[in-house]
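# Understanding the architecture of this molecule
Next come the chains, spelled out residue by residue.
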Amino acid sequence: MREGGRDDAPALEVDGLSFSYSGKPVLEEVGFRLEAGQFTVLLGPNGAGKTTLFSLITRLYDRRVGTIRVDGFELRRHAVAAHARMGVVFQQPTLDLDLSVRQNLTYHAALHGMGPREARRRAEEQVARVGLGDALKTRVRQLSGGQRRRVEIARGLLHRPRLLLLDEPTVGLDIAARRDLVERVHRLCVEEGVAVLWATHLIDEVYPEDRVVVLDGGKVRASGSVSEILAASGGTSIGEAFDTLTTGPVEVVS
Amino acid sequence: MSVGMGRYLHCMRGVVSRELLRFVHQRSRFVAALVRPLIWLFVFAAGFRMALGVAMTDPYKTYILYEVYIIPGLVGMIQLFNGMQSSLSMVYDREMGSMRVLLVSPFPRWYLLVCKLLAGTLVSIAQVYVFLTIAWFYGIKAPPMGYVWILPALVVTGFMVGALGMLLSTFVKQLENFAGVMNFVIFPMFFLSSALYPLWRIREGSYLVYQIAAMNPFTYAVEMIRFALYEQLNLDAVMIVVATTLVLLALAILGYNPARGMMARKGGG
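Parameters at a glance
- Here the residue index of a chain counts from 1 through its sequence in written order.
- Throughout, the order in which chains and ligands are written sets their labels, letters from A for the former and numbers from 1 for the latter.
- Local features in this predicted model are restricted to residues of pLDDT 70 or higher, and side-chain atom pairs are both shown and tallied only at a pLDDT of 80 or more, whereas totals for entire chains, interfaces and linings draw on every residue.
- Just so you know, side-chain values use all the structure's heavy atoms and leave hydrogens and water out.
- UniProt positions are given in the numbering used here, feature names are shortened, and annotations may be inferred rather than shown by experiment.
- Secondary structure counts use DSSP, requiring at least four H or I residues in a row for a helix and at least two E residues in a row for a strand, with both numbered from the N terminus.
- Contact criterion: two residues are considered in contact whenever any of their non-hydrogen atoms come within 4.5 Å of each other.
- Patch rule: a residue counts if its relative accessible area is over 30% and it has no salt bridge; like charges are joined within 9 Å, and nonpolar side chains (Val, Leu, Ile, Met, Phe, Trp, Tyr) within 5 Å.
- Every accessible area reported is derived by Shrake-Rupley at a probe size of 1.4 Å, with residue values counting cover from the shown protein chains alone.
- Any carboxyl oxygen of Asp or Glu within 4 Å of a side-chain nitrogen of Lys or Arg constitutes a salt bridge here.
- Burial here depends on accessible area, computed with a 1.4 Å probe over protein chains only, as a share of the maximum for the residue type. Under 20% is buried, over 50% is exposed, and the range in between is partly exposed.
- Multiplying one less than the number of residues by 1.5 Å gives the expected span of a helix.
- Take the seven residues that end at a residue and the seven that start at it, fit an axis to each, and the angle between those axes is the bend at that residue.
- Residue ranges assigned to the domains are those given by an automatic or database domain assignment.
- When two parts are brought into contact, each loses some accessible area as probed by a 1.4 Å sphere; the total of that loss over both is the buried area.
- Pairing between strands is defined by DSSP: at least two bridges between the two strands are required.

In the nomenclature of an unreviewed UniProt entry, chain A corresponds to ABC transporter ATP-binding protein from the organism Billgrantia endophytica. Quoted verbatim from the Sequence similarities (unreviewed entry) field of UniProt, the annotation for chain A is "Belongs to the ABC transporter superfamily."

Here it is in C-alpha cells:
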C-alpha cells in the first residue's frame, strides 16, 4: 500500500527545489517540510515565487530540479498517490458559479473516484464543518466571497487529504471574512490533523504557534517557528522580522 | 496505490455530468448552437434549392434537393462549433483556474482529458439530434435506421473536433485571441470541405480548392456522417477520421503534459 511512503513521513517534504522560467531562476534550492497538524505560513512578498511553488507541488508544471514528497510519495514517480493526499485551494476562485454547492463538491468527489452516495455524504459533512450546512442547494453565484472560499476549503478537504494547500486564499475578502477564514483554517488544522501550507503576504495572518517559511526572490530566507524566526532575524515582531528578511541580501536560515 | 475500474467510471461520470449541467444552465449557448445550422438550412439552402440540385451521387439513390445534401455538413458544423466552444471554455477554465481543479485529480492526465472530450462530444450529439428532429419536421427525412447509424460517426467526429479544439487551447493563451481561431480554423475547415458542395462540383469550379478540400479531414467526417445517415459505411472516411482523431488527441495530451506543455509557460508570482 505505502510503496513510496514511510509511516513517519512528513505530510510535505520539499528538497533542493529549483525552477527557472525562460532562463530566469524563479525558485532556487527551496527546501522545507510540513508535519501533520502543523499550520505553516508561506510568507513572501508578491513575486517571491509562492504561486510557482504551488504549481510545482500540485504538478501543474513539472520542469524542475529537486524532490517533492507528499506523505512520503515522490510526486513524479507516485503522482496518483501524491495527488490523492493533497487538497488545494487555488488563488483564483475555481467553483462553477451556476452549479449548486453540492454539485460543485460531488464533481470534485468524482474527480477523486468517489461514488455518488459517498460523495453526497462527504459533501454534507464538510459543508457543515465550514458552517454552510444549509447552503448545499444554493447556487455558488448567490454566495458571498467569504462563503465561496469556505466552500473551496470544504472541497479541498473532501477526499481527506494529509496536506491542504492554500494559495493566498484571503485575496479579495473584506476584513471580517478574512479574519474568519484564517481562524477557521487554523481550527481545522488542529481538528483534522491535516498539514496546512498557507501562502500569504499579510503578516497578521500568522498566529504565534504557526510555523513560517519566509520566501523572497525565489529563496527560503528563513524557516521555523515564529520564535525561531524572530531569533534568527533579531526582530521583535514577525512584521519586523519579515522586513529584515525580505529586504536586502540578508540570508538567515535557522 | 491502485485505482480501481469503478473509480475511473466515477471520475468519468463526474466530468460528463458537470458538462451536461453547465450546458443545461447555458440555454443561450444551446439556442445559438441550433440557430446557426437552422439559418443555413432555412435561408441559404432553401434559397439555393433551384440553382443547386445535386446530381445522383453515393450514398443517395435518387436526385436530391440541396437541402437534403447540406444536412450532414450542418451536422458536422454543429460538432465543429461545439468542439471549438469547449476548447474556448478550456482556455477560459485555465484562466479561471477550474482546469487546475481537473488537473490536480489523482487520475492520469490523459484520462481526464479523454473524459473532458467525451463530455463535450455528448453535448454536441444532443444538439445534433435536436437539429435532425427539426429537419425531420421540415420534411428532410433519412431512413429511420440512419439515425442510429450516425451515432458512432458522431462520437468519432466529436472526438476529432474536440481534440483539435483541445490542441488549439494549448496554443491560445488568452481568451481574446479566440476570434482568430474562428477565422483561421473553423471557417476554412467548414468552407473548404464537402459540407456545402460535393467534391466533384468543387473540382469543376477550382482544382486547387478541390485539392485542399480533399485533404481536409473535416470533409471525411462529413462524408462519414452522410453515408451513415443512409445506412452505409464509408470505410475510407472512417479510417481517415479515426487516424486524424488519434493524432490530434496524442498532440493535445502532449500539450497538457506537465513536463513540456503550455501550462509550464504560464508563469506566476
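Structure's up, so let's keep going.
## Thoughts on the side chain of Asn104(A)
Residue placement: Asn104(A) occurs in helix α3 (residues 101–111). Excluding its chain neighbours within four sequence positions, the residues that come into contact with Asn104(A) are Leu95(A), Asp96(A), Leu99(A), Val140(A) and Arg155(A).

## A short note on a nonpolar patch on the surface
Residue and element names in this part refer to chain B. Taken together, the side chains of Val-31, Val-35, Ile-39, Phe-42, Val-43 and Tyr-138 present a nonpolar region at the surface, about 510 Å² in accessible area. Tallying contributions element by element places helix α2 (residues 27–48) first for the nonpolar patch, with five residues. Turning to its location among the elements, Tyr-138 is positioned in helix α5 (residues 109–138). Taking relative accessible area as the criterion, Tyr-138 reaches 34% and is therefore assigned partly exposed.

## Remarks on α2(B)
Residues and elements named next belong to chain B. End to end, α2 covers 31 Å across 22 residues, agreeing with the expected 32 Å (1.5 Å per residue, within 8%). The sharpest bend along α2 measures roughly 25 degrees and falls at Leu-41. Considered for burial, the residues of α2 that qualify are Arg-29, Ala-33, Leu-34, Pro-37, Leu-38, Trp-40, Leu-41 and Ala-45.

## Some points on the domain arrangement of chain A
All names here are of chain A. Per the domain assignment, the segments making up chain A are domain 1 (1–85 + 161–254) and domain 2 (96–159). Of note, the centres of domain 1 and domain 2, computed from C-alpha atoms alone, are 25 Å apart. Taken together, the 15 residues of domain 1 in the interface contact 13 residues of domain 2. Buried surface at the junction of domain 1 and domain 2, summed over both partners, amounts to about 1200 Å²; 67% is from carbon and sulfur atoms. Our count for the domain 1 to domain 2 interface comes out at two salt bridges. Arg-129 serves as the salt-bridge partner of Glu-192, at 2.1 Å between the closest nitrogen and oxygen.

## Quick notes on the sheet that holds strand β1 (residues 12–21) of chain A
Residue and element names in this part refer to chain A. If you walk across this open sheet you meet the four strands as β2-β1-β4-β5, and the pairing is antiparallel. Each end of this open sheet is capped by a strand with a single partner; those strands are β2 (24–34) and β5 (73–74). Relative to β2, β1 runs antiparallel, the two sharing seven bridges. Bridged to Val-14 within β2 is Phe-32.

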